[in-house]
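Examination of the molecular architecture
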Amino acid sequence: MKERIIVALDTDSPDSALTVVQTLAGEVGMFKVGMELFPRGGPDLVRKIRAAGGDVFLDLKFHDIPNTVGGAVRTAAALGVRFATVHASGGKEMLARAAEAARGTGTTVLAVTVLTSLDDSDLSEIGFSSSAADMVLRLARMAMEEGIGGFVCSAREVPAVRKLVGKQAVLVTPGVRLPGDAVLDQKRVVTPFEAMRNGADYLVVGRPITKAADPAAAARRFADDMRSGREAGSRGA
Ligand code: C5P
């Protein structure tokens, strides 16, 4: 299970990110590099993480015209990242170009549907008439039809998205806490057990691992709980 843990490197310092990577390489499968870290660490940091033995989830949430997003995904794939994110709301053509750019590479494009920071009233303010829950499914369907192979979804959305996209799709879920972990600024958390039982494939975990007194031991606790959840899910429990 440990290879299904993605540790979020939420820092703007490439040096401290690499310290985390060195501590946890071998204990987890992947490291998430996002918009705060990438502008400082750049491709060099991605290469160093890979050299240390971790796969990279490049979370830059591309959202632009189809030609630009296709090019961005091609560049990410050339860097050898395992996952790269795009906003599903960029539309069909953009999704199709993103999927096409990743085809035949080792990179899987993950679509972000509706940010969990947006609720129904935020969507209506932007001008969308659907509820967030409907919009998640509508965007996931569209992305899947355009050839996107994976999705980032909140643990709550996992069962409905899994039902829609089928077994082959990759579902990646943040907002996970072991019982007893500090919830911090997350509003709705689930345990690793629940997330895996509900059908998630990978979990994104930040502070409960990176800020733990013993990060490697914390990662092992996550992996144990995930393993039990996965088994419960396959038994239909
Ligand atoms: O420290 P923590 O485990 O809360 O970090 C979770 C990571 O997942 C952060 O990088 C955060 O930006 C990301 N994330 C999230 N909720 C979402 C999407 C991404 O927590 N809906």
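Right above here is the structure, for reference.
Residues numbered from 1 in each chain as written. Predicted model: local features only at pLDDT ≥ 70, side-chain atom pairs only at ≥ 80, totals over all residues. Heavy atoms only, no water.

**Let's talk about the pattern of salt bridges**
This model, assessed by the stated rule, comprises 12 salt bridges. In this structure, a network of salt bridges that share partners links the residues Arg-4, Arg-162, Asp-201 and Arg-230. (Salt bridge = Lys/Arg side-chain N within 4 Å of Asp/Glu carboxyl O.)

**Some points on the side chain of Lys-32**
Topologically, Lys-32 is positioned in strand 2 (residues 30–34). Within the structure, the side chain of Lys-32 is placed 3.0 Å from the side chain of Asp-59, a separation counted as a polar contact. Not counting residues within four places of it along the chain, the set of residues in contact with Lys-32 comprises Ile-6, Val-7, Ala-8, Leu-9, Asp-10, Phe-57, Asp-59 and Val-204. (Helix = DSSP H or I, 4+ residues; strand = E, 2+ residues; numbered from the N terminus. Polar contact = N/O pair within 3.5 Å; in protein donor to acceptor, adjacent residues only side chain to side chain. Contact = heavy atoms within 4.5 Å.)

**Regarding the site of the ligand**
Close contacts around the ligand come from Ala-8, Asp-10, Lys-32, Thr-116, Pro-174, Arg-177, Gln-186, Val-204, Val-205, Gly-206, Arg-207 and Pro-208, and that covers them all. At a separation of 3.1 Å, an oxygen atom of the ligand approaches a polar side-chain atom of Lys-32. Within the side chain of Thr-116, a nitrogen or oxygen atom sits 2.5 Å from a nitrogen atom of the ligand. Its free accessible area being 470 Å², the ligand has 78% of it covered by the protein chains. Listed by contribution, the elements that provide at least two residues to the shell around the ligand are strand 8 (202–205) and helix 9 (207–210). Across the shell around the ligand, the residue classes break down as 5 nonpolar, 3 polar and 4 charged. (Near = heavy atom within 4 Å. Areas by Shrake-Rupley, 256 points an atom, 1.4 Å probe, with all protein chains shown as cover. Nonpolar A, V, L, I, M, F, W, Y, C, P; charged D, E, K, R; others polar.)

**A closer look at the packing of helix 3 (residues 66–79) against helix 4 (residues 92–102)**
Two elements in contact, helix 3 and helix 4, have axes whose closest approach is 8 Å; the angle formed by their N-to-C orientations is 25°. In terms of their interaxial angle, helix 3 and helix 4 are classed as roughly parallel. Seen from above, helix 3 lies across helix 4 with right-handed handedness. The residues of helix 4 that touch helix 3, namely those facing Pro-66, Asn-67, Val-69, Gly-70, Val-73 and Arg-74, are Glu-93, Met-94, Arg-97, Ala-98, Ala-101 and Ala-102. Along the lines of polarity and charge, the residues of the contact of helix 3 with helix 4 split into 7 nonpolar, 2 polar and 3 charged. (Axes fitted to C-alpha atoms, helices over the stretch in contact; angles between N-to-C directions. Parallel < 35°, antiparallel > 145°, perpendicular 65-115°, else oblique. Left-handed = near helix turned anticlockwise from the far one by under 90°.)

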